[in-house]
Amino acid sequence: MTTTDPVPALADRAAACADRLRAADRVLLASHIDADGLTSAAIATAALSRAGIPVETVFKKQLDAAEIESIAAHEYDTVLFTDFGSGQLDVISEHVAAGDFEAIIADHHQPSDPDDCHPDAVVATDGYADFETHLNPLLEGINGASELSGAGAAYVLARALSTGETDNRDLAALAVVGAVGDMQAVGGELVGANAGLVEEGIAADVLEEGTDLSLYGKQTRPLPKLLEYATEVPIPGISNNQAGATRFLEGLGLELKADGGRSSDERPASGGARSASAGNWRTWADLSDDERQTVASGLVQRAVERGVPADKIETLIGTTYTLTAEPRGTELRDASEFSTLLNATARYERADVGLAVCLGERDAPLERARTLLSNHRRNLSEGLTLVKERGVTPAGTVQWFDAGDAIRETIVGIVAGMALGTDGVDSDKPIIAFASTDEDETKVSSRATGPLVGRGVDLSVVMRDAAQSVGGDGGGHDIAAGATIPAGEESAFIEAADEIISDQLS
């Protein structure tokens, strides 16, 4: 089957990776645990299976020397890393040089310094040119934080693995879910190489791109809850106000119940798919085009009347990505809701559930994922409340909070991102969050804003260098990154991070 290259700049690297995988008797696939990591694993697993290559999948919260050692212990000759690996090339190269395994990497994170890599490994000490099986957009001048995610890199590899029976373009929908889950929708829209993946999904009839209300939960939340929880653009009298949201909708003459009723004393459930229909409450997905236009226009008018800034009002409408093969009214139909569902699985040690859903399994895996999602939402809400109550501590160019064991280390970064810019949290400073782990270590997560990155902040460098200065390690993206450090080194880490960011901003 003849195929085109979805990202031409990566075609040679993708072909080299695909050739190496085809030569393998079997492959161990190791991937990260967030939505991008899960979709990366699903895309790669599907492509390998279709190509007749046996694959076993393992997930890791982080990739460090100990975890890479555990991967080597599986005794696979070929290991494929997705959504991580680039930042750990120095350690991986030691195992490659020792003959423990052959490494193929499909990632989008900042690569480790080539000078730290083993000179006898396939990683060249003067650069990455000799490492043919390293597929990373950053190596070809494509921004890995905003133009191609880990799932996108895995998709490019999947297309290179196309067989005579499939071109794997149907996997583009998962790549879009991964990109959206990785917060790569700049201003609500996927750009750069990601836009090419969207086009492939549309051509494969598995994806639709449209313009719609840019609120989370359009497929599953009852209408009053959709607006009550619409805190992305707070509208006085509607946001965080169920009665106000209901009155607003009634004032537009909408039927809020599927049976023709407009409202009742019953409070609509706030949960996931089909709990939205409990009590026959209608969702945004149930509305006609005319009804949607009525609500959108009404929201804009109310926002103007209540003095919401024009730049905020503009974000009420944005680009949406719909998975056309999924049932209407479920989390799986909307890329944003799908990615949130996936985050709720692996971050609670159930990556197997998220992978099963990505690979098309429904029934028990999907119901389990929905239960995990309900718990995830509650934990995020409680985590954000905790940060608001405790506050954050300013430290020069940064601000930080220590959640201890009150917030799971797998979601503390999400909470930090949600807190950035809320009352008492300065959006003009990166935020750093600490959380305890089961071992004698501390998980560090950091988040910045687009304007901060534009001024020179690169959190991938901050997390790596500050962590290494206290005996840990880290990495990630310029706008979001993480690290693991020895417990008790938090103050020293903050001092190092402040110094590095000061230098970046100067």
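The rules behind each value
- Residues numbered from 1 in each chain as written.
- Predicted model: local features only at pLDDT ≥ 70, side-chain atom pairs only at ≥ 80, totals over all residues.
- Heavy atoms only, no water.
- Salt bridge = Lys/Arg side-chain N within 4 Å of Asp/Glu carboxyl O.
- Helix = DSSP H or I, 4+ residues; strand = E, 2+ residues; numbered from the N terminus.
- Buried < 20%, exposed > 50% of the residue type's maximum accessible area, 1.4 Å probe, protein only.
- Arc of directions from axis to C-beta.
- Contact = heavy atoms within 4.5 Å.
- Domains from an automatic or database assignment.
- Pairing = 2+ DSSP bridges.
- Axes fitted to C-alpha atoms, helices over the stretch in contact; angles between N-to-C directions.

The name recorded for the protein chain in an unreviewed UniProt entry is DHH family phosphoesterase, from Haloarcula marismortui.

(A) Just the pattern of salt bridges, in detail. Following the criterion strictly, the structure yields 19 salt bridges and no others. Between Glu291 and Arg282 there is a salt bridge; the shortest N-O distance is 2.9 Å. For Arg370, the salt bridge is made with Glu367, and the minimal N-O distance between the two is 2.8 Å. On the criterion of helical spacing, the pair formed by Arg370 and Glu367 is a turn pair, its members being three residues apart in helix 14 (residues 363–390). Under the relative-accessibility criterion, Arg370 is labelled buried at 18%. Here Glu367 falls in the partly exposed class, since its relative accessible area comes to 44%.

(B) Main features of helix 3 (residues 65–72). Turning to helix 3, its buried residues number three or more, namely Ile68, Ile71 and Ala72. Seen from one end, helix 3 has its buried residues packed into an arc of 100°, which puts them on one side. Those residues of helix 3 that are buried are in contact with strand 1 (27–32), strand 2 (55–60), strand 3 (78–82) and helix 4 (89–97).

(C) Geometry of the domain arrangement of the protein chain. Along its sequence, the protein chain is organised into domain 1 (8–185 + 194–201), domain 2 (213–259 + 278–364) and domain 3 (391–505). Distance from the C-alpha centre of domain 2 to the C-alpha centre of domain 3: 31 Å.

(D) View of the sheet that holds strand 2. Overall, parallel pairing links the five strands, which are arranged 2-1-3-4-5 in an open sheet. Each edge of the open sheet is held by one strand with a lone partner, namely strand 2 and strand 5 (134–135). Sheet topology note: the strand 3/strand 4 (residues 102–106) ladder contains five bridges and is parallel. Considered in strand 4, the bridge of Thr82 is made with Ala106. Against the sheet, helix 4 touches strand 3, strand 4 and strand 5, its axis set at about 155° to strand 4.

(E) Structural detail: the sheet that holds strand 10 (residues 431–436). Overall, mixed pairing links the six strands, which are arranged 8-9-10-11-13-12 in an open sheet. Lying at the two open borders of the sheet, with one neighbouring strand each, are strand 8 (393–395) and strand 12 (473–476). On average, adjacent strands in this sheet sit at an angle of 20° to one another, irrespective of strand direction. With six bridges joining them, strand 10 and strand 11 (residues 441–447) adopt antiparallel strand pairing. Among the inter-strand pairings, Ala435 is bridged to a residue of strand 11, identified as Lys443. Helix 17 (residues 459–469) rests against strand 10, strand 11, strand 12 and strand 13 (480–486) of the sheet, and its axis sits at about 175° to strand 12. Packing against the sheet, helix 18 (residues 490–505) makes contact with strand 8, strand 9 (398–402), strand 10, strand 11 and strand 13, and its axis sits at approximately 160° to strand 10.

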